[in-house]
Structures are given as structure tokens and as C-alpha cells.
Amino acid sequence: MILRALRRDARGLAMVEFALALPMVLGVAMAGLELTYYTIAKMRMSQLALHVADNASRIGKQSLLTDPQISETDINDLLTGADMQSDGLDLLGRGRVIVSSLEPDPANSGKFRIHWQRCKGVKNWVSSYGVQGAANLTGMGPTGRQVTAPTGGGIIYVEIAYDYRPLFLARLAPASVIREVAAMTVRDKRDFNGNGGAGIYNVEAATAAGCGVFSAT
């Protein structure tokens, strides 16, 4: 009688089924949350790259006597501002921002050069499309999506690499490193000859954000 009653007793069945299904349900929920968090971080990095490129295309000391001049201080402020805009993502502490000035190559007709390049962030990463001084280029950017500079003008090309900080587990995210790029045409006619041809003025004697220095400060 007791054994027959135990066989018919289904009061704990729901609890057992729940215990068996719980790991799968939690796994799906965690994966969904991680993917959402990663997507938001990637979108923010994309927006940051676009903002940096846009701001860099506009900055410059205005004068009635000369074309707008860009300085090391301008660029340092630009990169510091990018970190502040990341708001909690610790852009410079976990990543790197690379800003390049792509201009027509005076030594090679129809080709381009990276006149100057500035970087900030602790991530040990160099530009995927060329370093300062690179010349005879067909443009900058991924194959099939290269950008080129207009005659007498320039393009600000921004690259961001960021080590993604997972919400739960890194293996639940599509990638461990987020990479984003953006480009903007320099808005006004700019003095590209600063500092004896280097392209950037430095009257303030500010420390340049060199691409060989991996620092968030």
C-alpha cells in the first residue's frame, strides 16, 4: 500500500522538472543579457569614434590672417574628451584611440599620406591602416571601404580598439575586442604645414600624444 501510494504521488514532480530546466533557462538569460550589453558597448564605441572624428575635423585656432591651425593641446583635449564621453566604460584604461590625418601625398600624384597620427590609451595596438609618415597610399580603411582625401584638404580617420569588459562571461560575447572606425572631412581650409611641415603647431610646448606611448593619462 505504501509503495503504491508513493508511485502515485506526483507532488514533487514540478520541483524536479524546474531544477532540471533551471540551468538551461539561466544560461539562455545570461547569454541574452551579455549579448545586449556587448551590443550597447559596441554602439557606444561606434558613436565615440564618430564624435572624435567630427570634433577633430572642426578644431583649430581661428585667425583672420591665417588658415585655422591645429595644435598638440587641441588634440590632447580631444582625446581627453573622448575618455570623458565613454562615461564608465574606461575607454583609455581598457582601449586605445588613434587619430590620423590623411592628406594628398605631395610626392605621389593621386595617392595619399598619413601626415600626422596621435594616440591615447593603454592598449598595445597600432593602426590597422598605416602609421604616421606612411605615403603612397590608396586611402585608409577596410578593403572596399577606403576613404580618400580631397585635393588641398584632409580626412580625419579615427580608430578605436577596446577590450570588452563582460557582464558575466567573456565567452558569451561575440568578441573580446571591439574595433570601430570613423572618418570625417576637415570642415574648413586648414593650415596643414604647422611646425615646419609636421602639420601640428605646439606653441604651448605640450606633450604630444605619441603612438609609441601606451598611457591613459
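That block above? That's the structure.
Notes on the structure in this doc start here.

**A few points about the sheet that holds strand β3 (residues 155–163)**
For step 1, the next point in the chain: Strand order in the open sheet made by the 4 strands is β2-β1-β3-β4, with antiparallel pairing throughout. Across the chains shown, the open sheet's two edge strands, defined by having one partner strand only, are β2 (112–120) and β4 (177–185). Direction aside, neighbouring strands of the sheet carry axes that sit 15° apart on average.
For step 2, the next point in the chain: Across 8 bridges, the pairing between strand β1 (residues 95–104) and β3 is antiparallel. In the strand pairing of β3, Ile98 is matched with Glu159.
For step 3, the next point in the chain: Strands in contact with helix α3 (residues 72–86) are β1 and β2; relative to β2, the strand with the most contacts, it is inclined by about 55°.

**Focus on the nonpolar core**
For step 1, the next point in the chain: Core analysis: the biggest nonpolar cluster contains 30 residues, and Met45, Leu91, Val97, Val99, Val158 and Ile160 have the highest contact counts within it.
For step 2, the next point in the chain: Of all the secondary structure elements, the ones that give two or more residues to this core are α2 (13–58), α3, α4 (91–94), β1, β3 and β4.
For step 3, the next point in the chain: Here the element with the most residues in this core is α2; it accounts for 8 residues.
For step 4, the next point in the chain: Here Val99 is in contact with Val52, Ala56, Leu78, Leu79, Trp116, Gln117, Arg118, Ile156, Tyr157 and Val158, once residues within four sequence places are set aside.
For step 5, the next point in the chain: By size, the runner-up hydrophobic cluster in this structure holds 9 residues, among which are Leu102, Ile114, Leu137 and Ala149.

**Quick word on the pairing of β1**
The side chains of a regular strand alternate, residue by residue, between the two faces of the sheet.
For step 1, the next point in the chain: The element β1 is extensively covered by neighbouring structure, given that 9 of its 10 residues are classed as buried.
For step 2, the next point in the chain: Sheet topology places β1 next to β2; 8 bridges connect them, and they run antiparallel. Paired with Leu102 across the strands is Ile114, a residue of β2.

**Let's talk about unusual backbone geometry**
For step 1, the next point in the chain: Residues other than glycine seldom take positive phi values, yet Asp90 does so here, at roughly 55°.
For step 2, the next point in the chain: Looking at the secondary structure, you find Asp90 in the loop between α3 and α4.
For step 3, the next point in the chain: Classification of Asp90 as partly exposed rests on a relative accessible area of 34%.
For step 4, the next point in the chain: Positive phi, close to 60°, is recorded for Asn136, a residue that is not glycine.
For step 5, the next point in the chain: Positionally, Asn136 belongs in the loop between β2 and β3.

**Brief notes about the pattern of salt bridges**
For step 1, the next point in the chain: The full count for this structure, using the stated rule, is 6 salt bridges.
For step 2, the next point in the chain: Where Asp54 meets Arg187, a salt bridge forms, and the shortest distance between an N and an O atom there is 2.6 Å. Linking Asp54 in helix α2 with Arg187 in the loop between β4 and α5 (194–197), this pair joins segments that are 133 residues apart in sequence.
For step 3, the next point in the chain: Given a relative accessible area of 38%, Arg187 falls into the partly exposed group.
For step 4, the next point in the chain: For the salt bridge of Lys123 with Asp163, the shortest nitrogen-to-oxygen distance reads 2.8 Å. With Lys123 in the loop between β2 and β3 and Asp163 in strand β3, the pair connects residues that are 40 residues apart, well separated along the chain.
For step 5, the next point in the chain: Within this structure, Asp54, Arg58 and Arg187 form a network of salt bridges that share partners.

**Remarks on the side chain of Asp105**
For step 1, the next point in the chain: Take Asp105: it is sitting in the loop between β1 and β2.
For step 2, the next point in the chain: Separated by 3.0 Å, the side chain of Asp105 and the backbone nitrogen of Ala107 make a polar contact.
For step 3, the next point in the chain: Not counting residues within four places of it along the chain, the set of residues in contact with Asp105 comprises Lys111, Phe112, Arg113, Ala135 and Asn136.

Conventions adopted
- Residues numbered from 1 in each chain as written.
- Predicted model: local features only at pLDDT ≥ 70, side-chain atom pairs only at ≥ 80, totals over all residues.
- Heavy atoms only, no water.
- Pairing = 2+ DSSP bridges.
- Helix = DSSP H or I, 4+ residues; strand = E, 2+ residues; numbered from the N terminus.
- Axes fitted to C-alpha atoms, helices over the stretch in contact; angles between N-to-C directions.
- Contact = heavy atoms within 4.5 Å.
- Core = buried A, V, L, I, M, F, W, Y, C linked by side-chain atoms within 4.5 Å.
- Buried < 20%, exposed > 50% of the residue type's maximum accessible area, 1.4 Å probe, protein only.
- Salt bridge = Lys/Arg side-chain N within 4 Å of Asp/Glu carboxyl O.
- Polar contact = N/O pair within 3.5 Å; in protein donor to acceptor, adjacent residues only side chain to side chain.

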